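What follows is each chain in one-letter form.
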Amino acid sequence: MSTLAKVSTTAVGVALIRARESEREDRLLNDPYARAFGDAARTSYREAPDTWAMVEQLVDGFYEGRIVGVRVFDDLVRDAVDAGLTQIVLLGAGLDTRAFRLDLPADVRLFEVDVPEMIAFKEPILRELGAEPTCGRTVVAADLREDWSSRLIEAGFRRDVPTLWLEEGVLGYLPREQARAVLTTVTGLTAAGSRFIAGALKVDESAEHYRKLKEFVGSEAQPSRGLGPDPATWLREIGWATEFRAWDDLAAPLGRGVATGDPDNGLVLATRHQER
Ligand SMILES: C[S@@+](CC[C@H](N)C(=O)[O-])C[C@H]1O[C@@H](n2cnc3c(N)ncnc32)[C@H](O)[C@@H]1O
């Protein structure tokens, strides 16, 4: 097995974080597949021990904040399904396992979009584990910098069905123009009542673990990345209503001491309110 590109290896880091969490008695979530992803990745990196050591350091640095983030997104997925949304698209899904572990109903269709090499890494492991999704699940091998929407539609995505779109740690790796192009495409594809969740999280890029992440992904990280410093304003301009949820309020009930003390740090929950 060849090693993944570094930007895709960040998904292995998140899987290792979920695996570590799943072993705790006070776990915020249980992912029975995450350990197998981590083990397979570790094997594929045996010729590159320094890179693997860096992945493990990043896992240590990001663990607390990221696991709370995963659980917050789990809860937002459950909320959307409870509200009647039956179509979910995970952009840059990585090694996400929500189709298997959230007990989503069978009438939900969940699409996972990621680059072909990530899917080639992930699917054999799931098959070997005999993992069965509880909902409909379709993987879409596509690069978000290219024409990914045709692939999604070919895979069975329905434009007339209100959809939950999740971007969890992918658009921040794309240059601003490309990240916004992804959302412009989403906007054009999506029915009224659809939801999009965007991180407006401010990060301290001078913190040791962020500095290491930037070093790790190297040239794949661009200077001006993601949707921009004020995604809510931009989303409103392109046809979404937005609501802000402060990170500290979302995280407090989970009891992990990851408060930032900054009421402006949080997530933007966007709802599509008009056709354009
Ligand atoms: C930090 S990981 C997050 C994965 C997953 N959303 C999670 O939270 O565990 C970033 C993911 O984005 C994917 N990715 C990066 N650039 C991409 C692109 N241009 N097109 C599609 N996927 C991309 C990577 O392969 C990786 O799986």
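A quick note: this is a predicted structure, and the numbers were derived from the prediction, not measured. Numbering of residues starts from 1 in every chain and runs along the sequence as written. Residues qualify for local features only when their pLDDT is at least 70, as the model is predicted, and side-chain atom pairs are given and counted only at 80 or more; totals for whole chains, interfaces and linings, by contrast, use all residues. Hydrogens and water are ignored here; the side-chain numbers use all heavy atoms of the structure.

J.: Run through the overall build of the chain, naming residues and quoting values.
T.: The numbering of helices and of strands both runs from the N terminus, where a helix is a DSSP run of H or I of at least 4 residues and a strand a run of E of at least 2. Check the secondary structure of the chain and you find 10 helices and seven strands. Taken along its principal axes, the extent of the C-alpha atoms in the chain is 50 × 40 × 40 Å. When contacts within the chain are restricted to residue pairs at least 6 apart in sequence, those whose partners lie at least 24 apart make up 77%. Reported accessibility uses the Shrake-Rupley method at a 1.4 Å probe radius. Residues are deemed covered only where the shown protein chains occlude them. Only carbon and sulfur atoms are counted for the fraction: they give 49% of the accessible area of the chain, which is about 12,600 Å². With 34 positive and 45 negative side-chain charges, the chain shows a separation of 1 Å between the mean positions of the two kinds. Only heavy atoms enter the contact rule, under which two residues are in contact if any of them lie within 4.5 Å. Only four residue types enter the charge count: Lys and Arg as positive, Asp and Glu as negative, with His and the chain ends excluded. Charge coordinates come from a single atom per side chain, which is NZ of Lys, CZ of Arg, CG of Asp or CD of Glu.

J.: Explain the site of the ligand to me, and be specific about the residues and the numbers.
T.: By convention in these notes, a residue is near a molecule or strand provided one of its non-hydrogen atoms lies within 4 Å of it. Lining the immediate environment of the ligand, one finds 22 residues, of which S8, R66, D114, D143 and L144 sit closest. Protein chains bury 96% of the 590 Å² of accessible surface belonging to the ligand in isolation. By residue number, the principal contributor to the shell around the ligand is helix 1 (residues 6-22), which donates six residues. Following the grouping adopted for this structure description, the nonpolar residues are Ala, Val, Leu, Ile, Met, Phe, Trp, Tyr, Cys and Pro, the charged ones are Asp, Glu, Lys and Arg, and the polar ones are all others, Gly among them. For the shell around the ligand, the class distribution of residues is 11 nonpolar, five polar and six charged.

J.: Give me the lowdown on the side chain of R256, citing residues and values where you can.
T.: By the secondary structure assignment, R256 is in the loop between helix 10 (247-251) and strand 7 (266-272). Residue burial is assigned from relative accessible area. The probe radius is 1.4 Å, only protein chains are included, and a residue is buried under 20% of its type maximum, exposed over 50%, and partly exposed in between. A relative accessible area of 11% means that R256 is categorised as buried. In protein, a polar contact requires one atom able to donate a hydrogen and another able to accept it; more generally it is a pair of N or O atoms within 3.5 Å, and residues adjacent in sequence count only if both atoms are side-chain atoms. Engagement of the side chain of R256 in a polar contact is seen with the side chain of E21, the distance being 2.7 Å. Residues contacting R256, with those up to four places away along its chain left out, are E21, R24, D26, R27, L28, Y63, E64, I67 and V68.

J.: Could you give me a rundown of unusual backbone geometry, with the residues and numbers involved?
T.: Phi is positive for D103, which is not a glycine, with a value near 55°. Looking at the element boundaries, D103 is found in the loop between helix 4 (98-101) and strand 2 (109-114).

J.: Run through the packing of helix 1 against helix 2 (residues 34-44), naming residues and quoting values.
T.: For helices, the fitted axis covers only the stretch in contact; all axes are lines through C-alpha atoms, and the angles between them, taken along N-to-C directions, range from 0 to 180 degrees. Remark: helix 1 packs on helix 2, axes separated minimally by 8 Å, with the N-to-C direction vectors making an angle of 135°. Of the possible angle classes, the one that applies to helix 1 and helix 2 is oblique. Of the two possible hands of crossing, helix 1 and helix 2 adopt the one that is left-handed. Mapping the contact onto sequence places V12, A15, L16, R18, A19 and R20 in helix 1 and A34, R35, F37, G38, A41 and R42 in helix 2. Note that the term roughly parallel is reserved for angles under 35 degrees, roughly antiparallel for angles over 145, roughly perpendicular for angles of 65 to 115, and oblique for everything else. Whether a crossing is left-handed or right-handed is set by the direction in which the near helix is turned from the far one by less than a right angle, anticlockwise for left-handed and clockwise for right-handed.

J.: Tell me about the nonpolar core, and name the residues and values.
T.: In terms of nonpolar packing, the biggest core is built from 59 residues, with V68 and I88 touching the most fellow members. Looking at this core element by element, the count peaks at 16 residues for helix 3 (residues 49-82). In contact with V68, not counting residues within four places along its chain, are L28, W247, A251, L254, R256 and V258. By nonpolar core we mean a set of buried residues, namely Ala, Val, Leu, Ile, Met, Phe, Trp, Tyr and Cys, connected to one another through side-chain atoms within 4.5 Å. Core analysis: the next-biggest nonpolar cluster, separate from the first, contains 29 residues, V113, V140, V170 and L171 among them.

J.: So what's going on with the packing of helix 2 against helix 5 (residues 116-129)? Which residues, and what values?
T.: The interhelical angle for the contact between helix 2 and helix 5, taken along N-to-C directions, is 125°, at an axis separation of 10 Å. In terms of their interaxial angle, helix 2 and helix 5 are classed as oblique. The handedness of the crossing between helix 2 and helix 5 comes out as right-handed. Contact residues: helix 2 offers A36, F37, A40 and A41, while helix 5 offers F121, K122, I125, L126 and L129. Across the contact of helix 2 with helix 5, the residue classes tally to eight nonpolar, no polar and one charged.

In short, shape yes, function no, at least from these values alone.
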